[in-house]
Amino acid sequence: MPWARQCDLYSAPGSLVLKLALGEDPAEIPSSADVRTGASRAAEKTRHGALDRILRRHAGGVNIVRVHAAASSLGRPGAGHRRFDDIEVATGLSRTLRVEMEPGVSVADMVDALRQLEVVEYVTPRYLCALPFAAPAPPSALDMERAWGPRRQISAPEAMAYEAGDPAVILAVVDTGVMRENAEFRNRLRSGFDTVEIGVRELASGVQLVGDESVADTDPADEVGHGTSCAGIIGAAGAQMPPGLAGVCPLLPIRVLGSARVPGKEDPVGVGAISDIDAGVKRAIDMGAKVLNMSFGTPEGSLDPHDPRPHEDVVQYGLARGCVMVAASGNSGKAERFVPACLDGVIAVGAVGPAGQVSPFTTTGEHVALSAPGEQVMSCGIHGYQLVTGTSFAAPFVAAAAALLVSRALKRSSTLSCQDVKRILRESASPWAASQGKGAGGGVLNVIAALRQLDREIDGAAAA
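Each chain has its residues counted from 1, running along the sequence as written. The predicted origin of the model limits local features to residues at a pLDDT of at least 70 and limits the giving and counting of side-chain atom pairs to 80 or more, whereas totals for whole chains, interfaces and linings rest on all residues. As a rule here, side-chain values cover all heavy atoms of the structure and leave hydrogens and water aside.

A.B. asks: Got a minute to help me understand the overall build of the protein chain in this structure?
C.D. replies: On a plain count of helices and strands, the protein chain comes out with twelve helices and 18 strands. For the radius of gyration, the atoms used are the C-alpha atoms, and the globule rule reads 2.2 Å times the number of residues raised to 0.38. Over its C-alpha trace the protein chain gives a radius of gyration of 22 Å, about what one expects of a compact globule, namely 23 Å for 464 residues. The principal-axis extent of the C-alpha atoms belonging to the protein chain is close to 65 × 60 × 45 Å. Sorting the 464 residues of the protein chain into buried and exposed places 60% on the buried side. In what follows, a contact means two residues having at least one pair of non-hydrogen atoms within 4.5 Å. Across the protein chain, every contact between residues at least 6 apart in sequence was considered, and the portion connecting residues at least 24 apart equals 77%. Exposure was quantified through the Shrake-Rupley algorithm and a 1.4 Å probe, taking into account, for residues, occlusion by the shown protein chains and nothing else. Taken as a whole, the protein chain presents about 17900 Å² of accessible surface, with 50% of it coming from carbon and sulfur. None of His or the chain ends enter the tally, which takes Lys and Arg as positive and Asp and Glu as negative. Lys charges are placed at NZ, Arg charges at CZ, Asp charges at CG and Glu charges at CD. In the protein chain, 44 side chains carry a positive charge and 52 a negative one; their mean positions are 3 Å apart. Helix numbers and strand numbers start at the N terminus; a helix is a DSSP run of H or I with at least 4 residues, a strand a run of E with at least 2. In this scheme, a residue with accessible area under 20% of its type's maximum is buried, one over 50% is exposed, and one in between is partly exposed, where area comes from a 1.4 Å probe on protein chains only.

A.B. asks: Honestly, the sheet that holds strand E16 (residues 368-373) in this entry has me stumped. Any pointers?
C.D. replies: With respect to topology, seven strands assemble into an open sheet ordered E6-E8-E5-E11-E13-E15-E16, the strand pairing being parallel. Each end of this open sheet is capped by a strand with a single partner; those strands are strand E6 (193-194) and E16. Each pair of strands is called paired provided DSSP finds at least two bridges between the two strands. When strand E5 (residues 170-175) meets strand E8 (residues 251-255), the two strands line up parallel, connected through five bridges. Bridged to Val173 within E8 is Pro253.

A.B. asks: It is not clear to me how helix H10 (residues 395-411) should be interpreted in this structure. Could you clarify?
C.D. replies: The α-helix advances 3.6 residues per turn, and as a result positions three or four apart in sequence lie on the same side. The span one expects for a helix is its residue count, reduced by one, times 1.5 Å. Taking 1.5 Å of rise per residue, 17 residues should cover 24 Å, and H10 covers 25 Å from first to last C-alpha, within 8% of that figure. One or two residues past the end of H10 sits Ser413, with phi positive at roughly 55 degrees.

A.B. asks: Please clarify how the pattern of salt bridges should be interpreted in this entry.
C.D. replies: As a working rule, side chains carrying opposite charge can pair if their charged atoms are close by. Should a side-chain nitrogen of Lys or Arg be within 4 Å of a carboxyl oxygen of Asp or Glu, the pair is scored as a salt bridge. Taken as a whole and judged by the stated rule, the model has 26 salt bridges. We note a salt bridge from Arg95 to Glu121, for which the minimum N-O separation is 3.2 Å. Here Arg95 is found in the loop between helix H3 (86-90) and strand E3 (96-100), whereas its partner Glu121 is found in strand E4 (residues 120-131), with 26 residues between them in sequence. Accessibility expressed as a relative area gives 3% for Arg95, which makes it buried. Classification of Glu121 by relative accessible area gives partly exposed; the value is 44%. Through salt bridges with shared partners, one network takes in Glu163, Arg408, Lys411, Arg412, Asp455 and Asp459.

A.B. asks: What is the right way to read the pairing of strand E17 (residues 377-381) from this model?
C.D. replies: For a regular strand, the rule is simple: side chains alternate between the two faces of the sheet. Burial runs high along E17: five of the five residues are buried. In the sheet, E17 pairs with strand E18 (residues 384-388) via five bridges, with the strands oriented antiparallel. Residue pairing in the sheet places Ser379 in a bridge with Gln386 of E18. Here E17 folds back onto E18, and the loop between the two strands holds two residues.

Structural data, given as structure tokens:
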């Protein structure tokens, strides 16, 4: 459960995820998206003899789908399993399958047996994760002076006057979706997508799904508020709160966490499968996102030693496609590693308070690149506006800054890799005060300084 202080991963009964070895990909297993929408039917076997024998012996009948659809299949129902390109094959996304069985089947026994096969690169239970963040506080009044505080802390007004963004630079919010009806998002959102595929049987006793799960739904409507708050920081129109830092860069809402009510909590929480999150990240990349905000994570220490690190393949896919990947460091308040924040190439973001001090809840570590405001930040919510706290809401400031850097580079006929963006943001960050900042990155985000450093580097390269 991301951001939980003590965490044991929960897995869906009767479901597992496996990645086949390179060159062992069965051609006719359909994508999950095509099965979900009725364009295809799930396969009943992989056509690998030993693998199918183990599935039959432990489970009898199974349904098998690909977690991911080929990028070339967008807009082509029923074609999600065809024409994977070299990057999709090399990162293993074309070879990642989800197997569904009856709930009474022992997933642990099945996983142990499948791990013995050479044809299987890895196999894990289908882990679920949640966002049990603290309930946001509604502002007592729409105090614009207070709302601008965190933005001034990172020189956002100067940066937005210096660089307005580029409509060609799409920024994906991979989260609980976005409340499209909020006035702050009028003409700001692209269509987006929903990859949540969880049912009642996959949740613990007492947990109740919110919303209609009876039909296939690809609309990324937010029923939790977390994604809406992240999106407001990035792309609000400025109707009753400061405008989003990413300027005219459009937002792509990708819903990867559904909504559920749990005993003892008044407000719904976000819940979803790690494989669904991965499918959403890939979908965002395939739909043209250049920058991705990922305000979710799983503690690395909670994983089984045999498990792969979550999201690793799909992050490598994004980096290979030239995307900038930004993730919240976590809210555990100690030095540890959350995934995807700790993955190579990802820009991990911690949180600071109004005085620039490291927030007591922020997760620290050598992998954290920099920090940004994450306490009492005004943004959009399900019902109007709210004050939000957490590294979940520091990361969107950095994602928006990354979008401005990419926009600036494009206007100057240059390009930036994720590593370029990460380096510039770290080097231009406002330095920590003495004895501050241990494990919280190179400093506090300074957007105007980052943009000016980029200009100096482009000018220097042109003069050389």
